[in-house]
Amino acid sequence: MPFCTTGTQPGGADAELNDNGVRIFYRTYGQGPTKILLIIGLAGTHDSWGPQIKGLVGTDTPNYDETRTGDWNSDENERGSGIQICAFDNRGMGQSSVPTKKSEYTTKIMAKDAIAMLDHLGWKSAHVFGHSMGAMIACKLAAMVPERVLSLALLNVTGGGFECFPKLDRQTLSIAIRFLRAKTPEQRAAVDLDTHYSKEYLEEYVGPNTRRSILYQEYVRCISATGMQSNNGFEGQVNACWTHKMTRLEIERIHSAGFLVSVIHGRHDIIAQLYYARRLAEKLQPAARMIELHGGHLVSHERTEEVNQALLELIKASEVKINPHEWTNLPKKTSGWIGTRMALIRVNMEGGSNGFIDLSPFHITIPTM
């Protein structure tokens, strides 16, 4: 079975970053010079990236020569125009090790796991895409070793800490209670559907059945196959989300690296609020593009084609080295302590305005950095 044992990469430049000997299970897909590292979120496994793997590589069948380590960037792997993907189970989930102490789960420690994976594969650099908690980990990785990041995609991301709290209403409170009480694959599958997808999507019919009924059977089967996440793993990964924070210095390191960023989010995400994703994208200006899609927390499954297209556009833009100012679709930052979201101030000196500036269309924001 393909495992990367962190902290044991001989001669790796970043080997000293992690020395706890945790075993990380991974799979690779496809061949080619374009390398992509996928980092999944809380309670997810590498299989959760299935729609992206199949869309970007053309198959979700893993490679089988995965016992080898060393320079995967050489020989046949560098030829042609293909894509090679690595997806892995984070510590605390799937077939990876499950440390018992919550202190062994932080986004920084888990970013070191991902860096160890790059070393294990011999990848000098890669496009780094993360979902939810995986996007938090990807941010940490990008700040720690920015020279190894070709581009950064953050799906359904927040800034961690209190930003991980969903918008409190009757629906999300009910879902949270059901999630905590779920003890069987059937119970977990039912609540996962409500957290991962928009209600509209689940109620659509595919033939004689709704998506909810179809996905429910798939979720029960997958959860039964991988097993319910252990308490240690769940509590540890929750701790990683809760303690996550990107400092001003870390944001600046990402800024100065020069790679492009895509922040992709579902408008109906009840877990990671859209507001916080927008705020992070604004902090990452001018390199960031904000992409909002009609979907829930697992927008990568609900809007697969749009997400895959956005990821391909990010890769291509990075390869041609597009200027970040041409890449971003966010309003330009303005000087001073107040920024506005309007390009035009209309001063109507006629017809009853009494000479006042019309500020009614303005959305005023106070910089958070």
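Labelled according to an unreviewed UniProt entry, the protein appears under the name AB hydrolase-1 domain-containing protein, originating from Carya illinoinensis.

Before going further, it helps to spend a moment on unusual backbone geometry. The residue after Gln285, namely Pro286, is reached through a cis peptide bond having omega 5°. Turning to its location among the elements, Pro286 is positioned in the loop between helix H10 (274-283) and strand S10 (288-293). In this model, Ser132 sits at a positive phi of 55°, which is unusual for a non-glycine residue. Ser132 gets classed as buried once you look at its relative accessible area, which sits at 14%. Phi at Lys321 is positive, roughly 55°, even though this residue is not glycine. By the secondary structure assignment, Lys321 is in the loop between helix H12 (304-319) and helix H13 (324-327).

What follows concerns the environment of Arg27. With respect to the helices and strands, Arg27 occurs in strand S2 (residues 23-29). Arg27 sits in the buried class, given a relative accessible area of 19%.

Here the focus is the sheet that holds strand S3 (residues 34-39). Whether parallel or antiparallel, the strands of a sheet pair through hydrogen bonds between backbone atoms. The mixed open sheet is built from eight strands, whose spatial order is S1-S2-S4-S3-S5-S6-S9-S10. In the strand order of this sheet, the two ends are held by strand S1 (3-5) and S10, each with one partner. Averaged over neighbouring strand pairs, the angle between their axes works out to 20° when direction is ignored. Relative to strand S4 (residues 83-88), S2 is paired through four bridges, and the arrangement is antiparallel.

Let's shift gears to the nonpolar core. Of all hydrophobic cores here, the largest spans 51 residues; its most connected members are Leu37, Met117, Leu141, Leu152 and Leu154. If one sorts the elements of this core by residue count, helix H3 (residues 133-144) sits on top with 10 residues. Once you skip the residues sitting within four places of it in the chain, Met117 turns out to touch Cys4, Ile24, Tyr26, Leu37, Cys86 and Phe88. Counting 25 residues, the second-largest nonpolar core is a separate cluster that includes Ala87, Leu260, Ala310 and Trp327.

Moving on, we come to the side chain of His46. By the element assignment, His46 lies in the loop between S3 and helix H1 (50-57). For His46, a relative accessible area of 7% puts it in the buried group. At 3.1 Å, the side chain of His46 forms a polar contact with the side chain of Asp47. In contact with His46, not counting residues within four places along its chain, are Phe25, Arg27, Tyr29, Ile53, Ala87, Phe88 and Asp89.

Taking 1.5 Å per residue as the helical rise, helix H5 (residues 185-196) with its 12 residues ought to reach 16 Å, and the 16 Å between its terminal C-alpha atoms agrees with that figure. Check the buried side of H5 and you find it contacts helix H4 (170-181), helix H6 (199-203), helix H7 (211-226) and helix H11 (299-302).

A separate point is the packing of H4 against H5. Geometry of a packed helix pair, given as the angle between the helix axes and the separation of the axes. For the pair H4 and H5, interaxial distance at closest approach is 9 Å and the crossing angle is 150°. As judged from the angle between their axes, H4 and H5 are roughly antiparallel. Between H4 and H5 lies a crossing of left-handed hand. Packed against H4, whose contacting residues are Ile175, Arg178, Phe179 and Arg181, the element H5 presents Gln187, Arg188, Ala190, Val191, Asp192, Asp194 and Thr195 at the interface.

Tracing the sequence through the fold places Thr45 in the loop between S3 and H1. Under the relative-accessibility criterion, Thr45 is labelled buried at 10%. Beyond its immediate stretch of four places on either side in the chain, Thr45 contacts Ile40, Asp89, Met93 and Gly94.

So, about the pattern of salt bridges. In this structure the tally under the stated criterion is 11 salt bridges. A salt bridge links Arg91 to Asp113; the shortest N-O distance between them is 2.7 Å. Of this pair, Arg91 sits in the loop between S4 and helix H2 (107-121) while Asp113 sits in helix H2, and the two are 22 residues apart along the sequence. Residue class for Arg91 comes out buried when judged on its relative accessible area of 0%. For Asp113, a relative accessible area of 2% gives the class buried. Among the ionic contacts, a cluster of salt bridges with common partners joins Arg178, Asp194 and Arg212.

Overall, the coordinates contain zero disulfides when judged by the stated rule. Left without a disulfide partner, Cys164 is nearest to the cysteine sulfur of Cys241, which lies 5.0 Å away.

Bringing the packing of aromatic side chains into the picture now. As enumerated under the stated definition, the model contains seven aromatic pairs in all. Arranged with centres 6.3 Å apart and planes meeting at 65°, the rings of Tyr197 and Tyr219 form a pair that is edge-to-face. Taken together, the residues Tyr197 in the loop between H5 and H6 and Tyr219 in helix H7 connect sequence positions 22 residues apart. Judged by relative accessible area, Tyr197 falls into the buried class, the value being 5%. Counting every residue linked through ring pairs, the aromatic cluster contains Phe162, Tyr275 and Tyr276. Lying across the ring of Phe3, Arg23 places its NZ or CZ 4.0 Å from the centre. In this arrangement the basic side chain of Arg289 is found over the ring face of Trp327, its NZ or CZ atom lying 3.7 Å from the centre.

Reading the values: the criteria
Residues numbered from 1 in each chain as written. Predicted model: local features only at pLDDT ≥ 70, side-chain atom pairs only at ≥ 80, totals over all residues. Heavy atoms only, no water. Helix = DSSP H or I, 4+ residues; strand = E, 2+ residues; numbered from the N terminus. Buried < 20%, exposed > 50% of the residue type's maximum accessible area, 1.4 Å probe, protein only. Pairing = 2+ DSSP bridges. Axes fitted to C-alpha atoms, helices over the stretch in contact; angles between N-to-C directions. Core = buried A, V, L, I, M, F, W, Y, C linked by side-chain atoms within 4.5 Å. Contact = heavy atoms within 4.5 Å. Polar contact = N/O pair within 3.5 Å; in protein donor to acceptor, adjacent residues only side chain to side chain. Expected span 1.5 Å × (residues − 1). Parallel < 35°, antiparallel > 145°, perpendicular 65-115°, else oblique. Left-handed = near helix turned anticlockwise from the far one by under 90°. Salt bridge = Lys/Arg side-chain N within 4 Å of Asp/Glu carboxyl O. Disulfide = S-S within 2.5 Å. Phe/Tyr/Trp six-rings, centres within 6.5 Å; stacked < 30°, edge-to-face > 60°. Lys NZ or Arg CZ within 6 Å of the ring centre and 35° of its normal.

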